[in-house]
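Coordinate inspection notes
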Amino acid sequence: RTRPKDLTITKFVSISSIGSSHVESLLGNSRPSPDTYKTVRNAFFNYEESRALGYDLELSSRELKANETIMKAKLTEYKEGEIAPYLFKPSQHIFNVLAAINKTELFQLLQRMPKGAVLHAHDTALCSTKSIIELTYYDNLWICQQAGDLSAAALRFAKEKPDALTESNCDWSLLSEVRENYGADKVDDYLAERLTLYPTTDFQDINAAWSRFMQIFQLLDGLLMYAPVWGDYYYKALQEFYADGVQYLEFRSTLPTLYDLEGTEFTPLDTVRIYVETLEKFKNNPANKEFIGSRMIYAPLRNTNAEGVARYIETLKQVKAKYPEFLAGFDLVGQEDAGRPLRDFVDQLLEVPEDIDFYFHAGETNWYGSTVDENLIDALLLGTKRIGHGFGLVKHPVVLDMVKKLNVAIEVNPVSNQVLKLVSDFRNHPCSQFFADGYPVVISSDDPSFWKATPLSHDYYIAFLGIASQHADLRLLKKLALNSIQYSSLSADQKFEALAKWQAKWDQFIDFVNDETNGAPTQQLD
Ligand SMILES: O=c1[nH]cnc2c1ncn2[C@@H]1O[C@H](CO)[C@@H](O)[C@H]1O
Ligand SMILES: [Zn+2]
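Please read all numbers here as calculations on a predicted model, not as lab measurements. (Residues numbered from 1 in each chain as written. Chains lettered and ligands numbered in written order. Predicted model: local features only at pLDDT ≥ 70, side-chain atom pairs only at ≥ 80, totals over all residues. Heavy atoms only, no water.)

1. Here we look at a nonpolar patch on the surface
On the surface, a cluster of nonpolar side chains totalling about 270 Å² of accessible area is made up of V398, M402 and L406. When you line up the elements, L406 lands in helix α16 (residues 397-406). (Patch = residues over 30% accessible without salt bridge, like charges linked within 9 Å, V, L, I, M, F, W, Y side chains within 5 Å. Areas by Shrake-Rupley, 256 points an atom, 1.4 Å probe, with all protein chains shown as cover. Salt bridge = Lys/Arg side-chain N within 4 Å of Asp/Glu carboxyl O. Helix = DSSP H or I, 4+ residues; strand = E, 2+ residues; numbered from the N terminus.)

What follows is the structure, given as structure tokens:
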């Protein structure tokens, strides 16, 4: 505690950019004076914060003003938690707080914010329940029910009553007739509940949650795989994403084989063709001129064998040949611990042509050291461009190092992780560490349909309020939006155009936030 030492420390910390090795040397061997302590603490804090995601962005004066409004809305949310911690919305199950979140100023601001792209979402879990119900009003839709019961084991379009389903012990009726018998509202309410994971917030474990989750996908199959519905579902999805401030969508599809009333033989290439035609239609609508686009990651189920993977790769090559612009890359999906690990298919995956990129789901688990957890290593070694979820990444220091060095983005889907039982209180989500140390993160929504979430805004709300630091501000939000474009599969030229479209919306958003504060004292911040 000698004076000379204090002086050297003070001199040290006044150096504006200090590195972690310098921080260590600041600590010294003996106790500093209170003044020195304060100086050191300040430098320490600033240095640590400088490593956070988004810290490198410099906000304009307009943005700084908007930031004040956003931070005020964010800090309001913490007030409840200070009174009673359990009231803090990101500490609760999303199903219990969704309605309350929707009413908050913070959420409403985030809804308006142009968030760039969604880079992780699944083909048949995109649309709102309301839109799905609309599709069930198409003619010739049959429902398979247990005797005397308003249940739904399956849906299917057909000119005549379909064959009995041996495995489900149910009988087919026209949905229009069921609506007449029970009342349309009652049927729609039932279907609405059957098509989401509500109201269950306490699935016993990940298997119980996934079992219900897969039942929803299965019920949807007969409805959505009907060729006329397939395109309409995608169109509605694009509309809903665009309305939620998403200008680009890179989604994963299993490319199911579609059907129609005439018994036409469809192929996976037809499924892609309908996507491509629908996207063109959407983009040609003048109302969507600021929309950037959409691409597909072919992502069939991982629960297969070598022959299955060989077929996948065959289809993949066909899609690449016919729709090179629409195909972003390849992935394998389905409950990771119930399917096969990547390492089982490494030989085949290494044969995939170099011009097709991988976007693997990996580490969607909290089983440290399991085969699922090791998928993180294989995904990286196979050259994945992004990691889907990467929930277990924090347990793999070397993978983490590589993720940063190779600039492999981590697709974080906060709400999905809670609903599918990996985390209960969002303050414990591992993405806090990614934010704190500037990892290449994008925020996405996975299957928003099944939790009644908006296409992206709820995940942003949770990430910004529940996972990021209280200090994290508009810089983080802007960085996440920019990242979503940067880490998309778009080419450099396309990214340039995409950024221009995003920037136009961003400027409008900042104006909007600032006009909302009319009446509040305006402070010149330049
Ligand atoms: O979070 C996820 N992890 C892995 N697979 C998923 C997730 N969400 C949906 N799917 C898979 O995507 C298919 C539809 O495209 C579904 O069959 C489901 O297994
Ligand atoms: Zn997913």
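Back to the write-up after that little detour.
2. Considering the packing of aromatic side chains
Summed over the entire model, instances satisfying the criterion amount to 27 aromatic pairs. Pairing W210 with F213 gives two aromatic rings, centres 4.9 Å apart and planes at 80 degrees, and the pair type is edge-to-face. One end of the pair, W210, and the other, F213, are both in helix α10 (residues 206-224), three residues apart, so they sit about a helical turn from each other. Both residues of the pair, W210 and F213, belong to the buried class. Between Y242 and F282, the aromatic rings sit 6.3 Å apart at their centres with planes inclined by 85 degrees, giving edge-to-face as the arrangement. Pair noted here: Y242 is in helix α11 (residues 227-243) and F282 is in helix α12 (residues 268-284), with a separation of 40 residues, a long-range link. The positively charged end of R156 is found above the aromatic ring belonging to Y259, 4.0 Å away from the centroid. (Phe/Tyr/Trp six-rings, centres within 6.5 Å; stacked < 30°, edge-to-face > 60°. Buried < 20%, exposed > 50% of the residue type's maximum accessible area, 1.4 Å probe, protein only. Lys NZ or Arg CZ within 6 Å of the ring centre and 35° of its normal.)

3. Side note on the site of ligand 1
The immediate surroundings of ligand 1 are formed by 15 residues, with D123, G334, E364, D446 and D447 found nearest. A distance of 3.2 Å is found between an oxygen atom of ligand 1 and a side-chain nitrogen or oxygen belonging to H389. Measuring from a nitrogen atom of ligand 1, one finds a side-chain N or O atom of D447 at 2.9 Å. Computed on the free molecule, ligand 1 has an accessible area of 420 Å², of which 96% lies beneath the protein chains in the complex. The leading source of residues in the shell around ligand 1 is α10, at four residues. (Near = heavy atom within 4 Å. Polar contact = N/O pair within 3.5 Å; in protein donor to acceptor, adjacent residues only side chain to side chain.)

4. Some thoughts on helix α8 (residues 175-182)
Along α8, the positions that sit buried rather than exposed are L175, V178 and R179. Taken down its axis, α8 places every buried residue within 105 degrees of arc, on the same side. Residues of α8 that are exposed and point over 90 degrees away from its buried face: E180 and N181. Following α8 by one or two positions, G183 adopts a phi angle in the positive range, close to 95 degrees. (Arc of directions from axis to C-beta.)

5. Some thoughts on the UniProt feature "domain: Adenosine deaminase" (unreviewed entry) in the protein chain
UniProt records the feature "domain: Adenosine deaminase" (unreviewed entry) at residues 196-498, using the numbering of this structure. Counting secondary structure, residues 196-498 comes out at 46% helix and 11% strand; the distance between its end C-alpha atoms is 33 Å. (UniProt positions renumbered as here; feature names shortened; annotations may be inferred.)

6. As for the pattern of salt bridges
Under the counting rule described, the total for this entry stands at 23 salt bridges. R273 is the partner of E277 in a salt bridge, and the nearest nitrogen-oxygen pair spans 3.5 Å. Separated by four residues within a single helix, E277 and R273 lie in helix α12, roughly one turn from each other. Overall, E277 belongs to the partly exposed group, its relative accessible area being 45%. Taking relative accessible area as the criterion, R273 reaches 28% and is therefore assigned partly exposed. In this structure, E325 and R295 form a salt bridge, with 3.0 Å as the shortest nitrogen-oxygen distance. Of this pair, E325 sits in the loop between α13 (306-322) and β7 (327-330) while R295 sits in strand β6 (residues 293-298); the two residues are 30 residues apart in sequence, bridging distant segments of the chain. Relative accessible area serves as the criterion here: at 47%, E325 is assigned to the partly exposed category. Shared partners join several salt bridges into a network, and the residues in it are E250, R252, D331, R386 and E411.

7. A few points about the coordination of the zinc ion (ligand 2)
Protein-derived coordination of the zinc ion (ligand 2) comes from H120 (NE2), H122 (NE2), H361 (NE2) and D446 (OD), at a distance range of 2.1 to 2.3 Å. Angles of 83 to 170 degrees at the metal separate the four donor atoms of the zinc ion (ligand 2), which places the site in the irregular class. Read from N- to C-terminus, the donor residues coordinating the zinc ion (ligand 2) fall into the pattern H-x1-H-x238-H-x84-D. Look at H120 and you get buried, because its relative accessible area is 0%. In this structure H122 comes out as buried when scored by relative accessible area, which is 11%. (Donors = N, O, S within 2.8 Å, 3.2 Å for Na, K, Ca; no water. Tetrahedral: all angles 85-135°; square planar, octahedral: opposite > 155°, others 65-115°.)

8. Here we look at α11
Counting along an α-helix, one turn takes 3.6 residues, and residues three or four places apart therefore face a common direction. The end-to-end C-alpha distance of α11 is 25 Å, a good match for the 24 Å that 17 residues give at a rise of 1.5 Å each. Among the 17 residues in α11, 13 count as buried, and that is most of the element. (Expected span 1.5 Å × (residues − 1).)

9. Description of the side chain of K89
Relative to the helices and strands, K89 is located in the loop between α4 (61-83) and α5 (94-103). Here the side chain of K89 touches E80 through a polar contact of 3.0 Å, side chain to side chain. Once you skip the residues sitting within four places of it in the chain, K89 turns out to touch E77, E80, V97, A100, I101, T104 and Y461. (Contact = heavy atoms within 4.5 Å.)

10. Concerning the pairing of strand β5 (residues 246-253)
Judged by how many residues are buried, β5 sits mostly within the fold: eight of eight residues are covered. Here strand β1 (residues 116-118) runs beside β5; their pairing, made up of three bridges, is parallel. Of the residues in β5, the one forming a bridge with G116 is V246. Pairing between β5 and β6: six bridges, direction parallel. Looking at β6, one finds that E250 is bridged to R295. Handedness of the crossover is the feature at issue here: the chain leaves β5, passes through α12, returns alongside β6, and the resulting connection is right-handed. (Pairing = 2+ DSSP bridges. Right-handed = clockwise from strand over helix to strand, strands pointing away.)

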